[in-house]
Amino acid sequence: MKFFKSRFSEQEATTLLELLETKQEQKYQEKKDVLANKEDIGHLRKEIAVSKSDLIKWMFIFWIGQIAAMIGLVVLYIKK
């Protein structure tokens, strides 16, 4: 504060310091918003686990359908 008072008037120095503090607080809030906390990471892991289980379920349904279609074609080919 002494440095600013020697260069500026007291009101200008106070205004400048308030502006700098405001900018610093804004940058802090921006970084805080970007960083993930443990709760966010836990929620993300749960979503990934659910997605993996859904993917595996649909893969088995697809494979069963493919096997049924292949068996149907083989049976149709053998009957002719």
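What comes next concerns the included structure. Note that the structure is a prediction, hence the values are computed from the model and not measured.

1. Side note on the overall build of the protein chain
So, step 1. Across its full length, the protein chain holds 3 helices and 0 strands.
So, step 2. For the protein chain, the N- to C-terminal ordering of α and β elements is α-α-α.
So, step 3. Scaling as 2.2 N^0.38, a compact globule of 80 residues should have a C-alpha radius of gyration of about 12 Å, whereas the protein chain reaches 33 Å, well beyond that.
So, step 4. Each principal axis of the C-alpha distribution contributes one length, and for the protein chain these read about 105 × 20 × 15 Å.
So, step 5. When each of the 80 residues of the protein chain is scored for burial, the buried share is 2%.
So, step 6. Each charge class in the protein chain was averaged separately, 14 positive and 11 negative side chains, and the resulting centres sit 14 Å apart.

2. Topic: a nonpolar patch on the surface
So, step 1. The grouping of Leu55, Ile56, Met59, Phe60, Phe62, Trp63, Ile64, Ile67, Ile71 and Val75 at the surface amounts to a nonpolar patch, some 1,000 Å² of accessible area in total.
So, step 2. Secondary-structure assignment places Ile64 in helix α3 (residues 38–79).
So, step 3. For Ile64, a relative accessible area of 58% gives the class exposed.

3. Some details on the packing of aromatic side chains
So, step 1. Under the defined criterion, the tally for this structure stands at 1 aromatic pair.
So, step 2. Measuring from ring centre to ring centre gives 5.2 Å for Phe60 and Trp63, while their planes differ by 85 degrees; the resulting arrangement is edge-to-face. Of this pair, Phe60 and Trp63 both sit in helix α3, 3 residues apart, which is roughly one turn of that helix.
So, step 3. Its relative accessible area of 41% is what places Trp63 among the partly exposed residues.

Reading the values: the criteria
Residues numbered from 1 in each chain as written. Predicted model: local features only at pLDDT ≥ 70, side-chain atom pairs only at ≥ 80, totals over all residues. Heavy atoms only, no water. Helix = DSSP H or I, 4+ residues; strand = E, 2+ residues; numbered from the N terminus. Rg over C-alpha atoms; globule rule 2.2 N^0.38 Å. Buried < 20%, exposed > 50% of the residue type's maximum accessible area, 1.4 Å probe, protein only. Lys, Arg positive; Asp, Glu negative; His and termini not counted. Charge placed at Lys NZ, Arg CZ, Asp CG, Glu CD. Patch = residues over 30% accessible without salt bridge, like charges linked within 9 Å, V, L, I, M, F, W, Y side chains within 5 Å. Areas by Shrake-Rupley, 256 points an atom, 1.4 Å probe, with all protein chains shown as cover. Salt bridge = Lys/Arg side-chain N within 4 Å of Asp/Glu carboxyl O. Phe/Tyr/Trp six-rings, centres within 6.5 Å; stacked < 30°, edge-to-face > 60°.

What is shown is where atoms sit, not what they do.
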